[in-house]
Amino acid sequence: MPLQFNTVKLFAGSGTQELAEKISHSYGKPLGDKTLSKFSDGEIQPFYNESVRGSDVFLIQSTNQPTDNLLELLMMIDAAKRASAHYITVVVPYFGFARQDRKDKPRVAIGAKMIANLITAAGAHRIMTMDLHAAQIQGFFDIPVDHLDGSVIFVPYIKSLNLPNLTIASPDMGGSYRARTFAKFFNAEVIICDKRRKRANEIESMSIIGDVTGQDVVLIDDICDTAGTLSKAAALIMENGANSVRAVCTHAVLSGKAYETIENSVLTEMIVTDTIVLDKEKVKNATKIKVLSTADLFAKAIKSVNEHASIEELFTVD
């Protein structure tokens, strides 16, 4: 007798509608019907226009521009719980506040832990995300975490470039482990750009640890916000004799003048994913930004969760 699984219902938050549609198409099931109403003062109220009773509900919402998107996600969780959903999984392609993962100066909040508490308290049974800024954030949750790895998407693309003298680089010391993870797929050397900041989004100085002479360098990072670090690292790498330099970045926050910074940089290209909705007009006019989709990977993970199957194979790079 075949195994029976609960009905799957996928719902999109308003901040991740486009990616959610791609995920639902890849999964083979249309998005559920949901409405987000707003009071005149801006207060929001999401509600489902169909029954979710006894269903495995997957709520897809990144928490960039975090206050609105996060609050909407929390209220979607609460609404599903009160509507008797069987199991609630929040699919958060980009987990905002992940850069606040520790107390690095006196009297600051540990935002990532607080958000983990809020998601759990709202009633989520599971969270699915990708490339957390710090992998240990998984431990902030008291519910299962499916932490998908962007290398599954990026490595095949880098291989397709057939770069003759590939070297992997980290734009800072904190990303060295991520860079080494990528390097092992290519048996490549790793170099590190050691940066010192004056304050958030402002670099005081940077130096290179390693030799990039004659190399085709690929910078690996998880978040690109203003693009200041990556553009400065790329310039320094080229000044030290590299043949070319590219950047791979999972979450394209791209705030402020990031698009212009990337276009004016020495980067050959910036490869990002669609975990965050990009400015369509700016991407259309950009010559250096290439977007790879995460939809198939998330769709496979959702199927595995619903069928109580292992997601180990989703970490296997072709």
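Placed above this text is the structure.
Right, let's walk through the structure included here. (Residues numbered from 1 in each chain as written. Predicted model: local features only at pLDDT ≥ 70, side-chain atom pairs only at ≥ 80, totals over all residues. Heavy atoms only, no water.)

**Some details on the overall build of the protein**
And then number 1: Within the protein one finds 9 helices and 14 strands.
And then number 2: Taken over C-alpha atoms, the radius of gyration comes to 20 Å for the protein, in line with the 20 Å a tight globule of 318 residues would show.
And then number 3: Considered along the principal axes of its C-alpha atoms, the protein spans approximately 60 × 50 × 40 Å.
And then number 4: The buried share of the protein, reckoned over its 318 residues, is 52%.
And then number 5: A total accessible area of about 15,200 Å² is found for the protein, and carbon and sulfur atoms account for 49% of it.
And then number 6: One finds the centroid of the 34 positive side-chain charges in the protein at a distance of 3 Å from the centroid of its 38 negative side-chain charges. (Helix = DSSP H or I, 4+ residues; strand = E, 2+ residues; numbered from the N terminus. Rg over C-alpha atoms; globule rule 2.2 N^0.38 Å. Buried < 20%, exposed > 50% of the residue type's maximum accessible area, 1.4 Å probe, protein only. Areas by Shrake-Rupley, 256 points an atom, 1.4 Å probe, with all protein chains shown as cover. Lys, Arg positive; Asp, Glu negative; His and termini not counted. Charge placed at Lys NZ, Arg CZ, Asp CG, Glu CD.)

**Some words on the nonpolar core**
And then number 1: In this structure, Ile-23, Met-128, Leu-148, Ile-168 and Val-218 are the most contacted members of the largest nonpolar core, which totals 42 residues.
And then number 2: Ile-23 has contacts with Ile-60, Ala-295, Phe-298, Ala-299 and Ile-302, leaving out every residue within four places of it along the chain.
And then number 3: Counting 31 residues, the second largest nonpolar core, distinct from the first, contains Tyr-48, Met-76, Val-90 and Ala-116. (Core = buried A, V, L, I, M, F, W, Y, C linked by side-chain atoms within 4.5 Å. Contact = heavy atoms within 4.5 Å.)

**Looking at the side chain of Ser-151**
And then number 1: In this fold, Ser-151 is placed in helix α4 (residues 151-161).
And then number 2: Every residue in contact with Ser-151, bar those within four places of it in the chain, is listed here: Pro-156, Phe-182, Phe-185 and Val-317.

**Remarks on the environment of Arg-82**
And then number 1: With respect to the helices, strands and loops of the structure, Arg-82 is situated in helix α2 (residues 66-82).
And then number 2: Measuring from C-alpha to C-alpha, the distance between Arg-82 and Glu-312 comes to 32 Å, with 230 residues separating the pair along the chain.
And then number 3: For Arg-82, the side chain forms a polar contact with the side chain of Asp-78, separated by 2.7 Å. (Polar contact = N/O pair within 3.5 Å; in protein donor to acceptor, adjacent residues only side chain to side chain.)

**Comments concerning the pattern of salt bridges**
And then number 1: Applying the stated rule across the entire model yields 13 salt bridges.
And then number 2: Between Asp-225 and Arg-99 there is a salt bridge, with the nearest N and O atoms lying 2.9 Å from each other. With Asp-225 in the loop between β11 (216-224) and α6 (228-239) and Arg-99 in the loop between β5 (87-92) and α3 (111-122), this pair connects stretches of sequence that are 126 residues apart.
And then number 3: Arg-99 gets classed as partly exposed once you look at its relative accessible area, which sits at 39%.
And then number 4: Within this structure, Glu-18, Lys-22, Asp-274 and Lys-280 form a network of salt bridges that share partners. (Salt bridge = Lys/Arg side-chain N within 4 Å of Asp/Glu carboxyl O.)

**Structural notes on helix α5 (residues 176-186)**
And then number 1: For α5, the full list of buried residues reads Ser-176, Arg-178, Ala-179, Thr-181, Phe-182 and Ala-183.
And then number 2: Two residues or fewer after α5 comes Asn-187, characterised by a positive phi angle close to 55°.

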